[in-house]
Amino acid sequence: SCTTFSYCAKPEGCYEDFVFQSCFLKRHDNPQAREAYSRDEWTPWTGGIVERGGGTAGGVSPYASAPSSSSSPAPTPSTGTASGGFSLETNANYAGEVLVDGRQNLKSSVEECGEACLANPSCTTFSYCGKPEGCYGDFVYQSCFLKRHDNPSAREAYERESWTPWTSGIVERGGGTGSSPPPPSSPMPTPTPSTGTASGGFSLETNANYAGEVLVDGRQNLKSSVEECGESCLANPQCTTFAYCPKPEGCYEDFVFQSCFLKVHDNPQARE
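Residues numbered from 1 in each chain as written. Predicted model: local features only at pLDDT ≥ 70, side-chain atom pairs only at ≥ 80, totals over all residues. Heavy atoms only, no water.

What to know about the sheet that holds strand β16 (residues 241–244)
Then, number 1: Taken together, the three strands give an open sheet; going across it, the order is β15-β17-β16, and neighbouring strands pair in antiparallel fashion. Sheet topology places β15 (213–216) and β16 at the edges, where each strand pairs with a single neighbour. Across the sheet, the axes of successive neighbouring strands diverge by a mean angle of 40 degrees, strand direction being ignored.
Then, number 2: As paired elements, β15 and strand β17 (residues 260–264) share three bridges and run antiparallel to each other. (Pairing = 2+ DSSP bridges. Helix = DSSP H or I, 4+ residues; strand = E, 2+ residues; numbered from the N terminus. Axes fitted to C-alpha atoms, helices over the stretch in contact; angles between N-to-C directions.)

Let's talk about the packing of aromatic side chains
Then, number 1: If you walk through the whole model with that rule in mind, you get five aromatic pairs.
Then, number 2: Judged by centre distance (5.7 Å) and plane angle (90 degrees), the ring pair of F86 and F126 falls under edge-to-face. Here F86, found in strand β6 (residues 84–90), pairs with F126, found in strand β9 (residues 125–129); they are 40 residues apart in sequence, far enough to count as distant. Considered together, F86 and F126 belong to a single accessibility category, that of buried residues.
Then, number 3: Here the aromatic rings of F255 and F261 are separated by 5.7 Å at their centres, their planes lie at 70 degrees, and the arrangement is edge-to-face. (Phe/Tyr/Trp six-rings, centres within 6.5 Å; stacked < 30°, edge-to-face > 60°. Buried < 20%, exposed > 50% of the residue type's maximum accessible area, 1.4 Å probe, protein only.)

Observations concerning the nonpolar core
Then, number 1: Within the largest apolar cluster, 13 residues are counted, with the highest numbers of intra-cluster contacts made by F86, C113, C117, F126, L146 and V171.
Then, number 2: Taken together, the elements giving at least two residues each to this core come down to β6, α1 (110–119), β9 and β10 (144–148). (Core = buried A, V, L, I, M, F, W, Y, C linked by side-chain atoms within 4.5 Å.)

Digging into the state of the cysteines
Then, number 1: Taken as a whole and assessed by the stated rule, the structure comprises six disulfides.
Then, number 2: The disulfide that involves C113 links it to C144, with 2.0 Å between the sulfurs. Taking the torsion about the sulfur-sulfur bond, which here is approximately 85 degrees, the covalent link between C113 and C144 counts as right-handed. Of this pair, C113 sits in helix α1 while C144 sits in strand β10; the two residues are 31 residues apart in sequence, bridging distant segments of the chain. For the pair shown, C113 and C144 are each scored as buried.
Then, number 3: The disulfide bridge from C229 ends at C260, spanning 2.0 Å between sulfur atoms. Here C229 and C260 share a disulfide; its torsion about the S-S bond, 85 degrees, makes the bridge right-handed. With C229 in helix α2 (residues 226–235) and C260 in strand β17, the pair connects residues that are 31 residues apart, well separated along the chain.
Then, number 4: With a relative accessible area of 0%, C229 lands in the buried category. (Disulfide = S-S within 2.5 Å.)

Looking at the confidence of the model for the protein
Then, number 1: For the protein, per-residue confidence averages 76 on the pLDDT scale, and residues scoring 70 or more make up 73% of the total.
Then, number 2: The model gives residues 54–58 a pLDDT under 50, and that stretch makes three contacts with residues more than four places away or in other chains.
Then, number 3: Segment residues 175–190: pLDDT under 50, and 40 contacts once partners within four positions in sequence are set aside and those in other chains are kept. (pLDDT = per-residue confidence, 0-100. Contact = heavy atoms within 4.5 Å.)

Here's the deal with the environment of A116
Then, number 1: Mapped onto the fold, A116 is located in helix α1.
Then, number 2: Between the C-alpha atoms of A116 and N105, which are 11 residues apart in sequence, the distance is 9.5 Å.

This is how it looks when you write it as structure tokens:
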């Protein structure tokens, strides 16, 4: 039954509990399409499709790299009801405090998800999983997350890439079509220098989760600021990179506010 597979070749694992040497066997109706959950230079997985009954007894074809765009697609207007409207952006997972867990709030369409947000007075943004295969982990098909963001027009996103499986939107109450200007493009930010102590210093980059073998689990290592997190990395002789969660609502799943992950990477200057 297997038509595609994914393999984790990273000794440090491939996110969460996907351990080194994990080999996932999958079935896809159209393996030649090489549809991918993620396809970028930092994706840790290697994927492949199998080719049976060809010139040889069979073969394996690796997934080829595909260019990805970091520019933000323009939101598409969607007409709501008399209570207001909303606009949508594909390939984006908008940030915000979760009001309603989408896994327990399935909707048949993204428009129905938008209407649910309009009906909730606290809701300003929403994210919908329109992929039948789901949107990573236990985020199932038709999940509709209702969220609140203090500045929804900023369209701040946890992810915004060509492979991001979510469609998100902002609501505009009080009539109108819900059309909204496109979000700004998101080029790679330049790391900002930060002066440390006499023991050394560090530089920071926002909107990035650096790779590396985890030395200290940030969920058990809360720090009051990213600078304090950097100082704790400096104090650990093995630590070369760190990642800090400054969002009061947390940084996905159980990665809570003020989590400070200390990591080791063979080439920290690469900022992988």
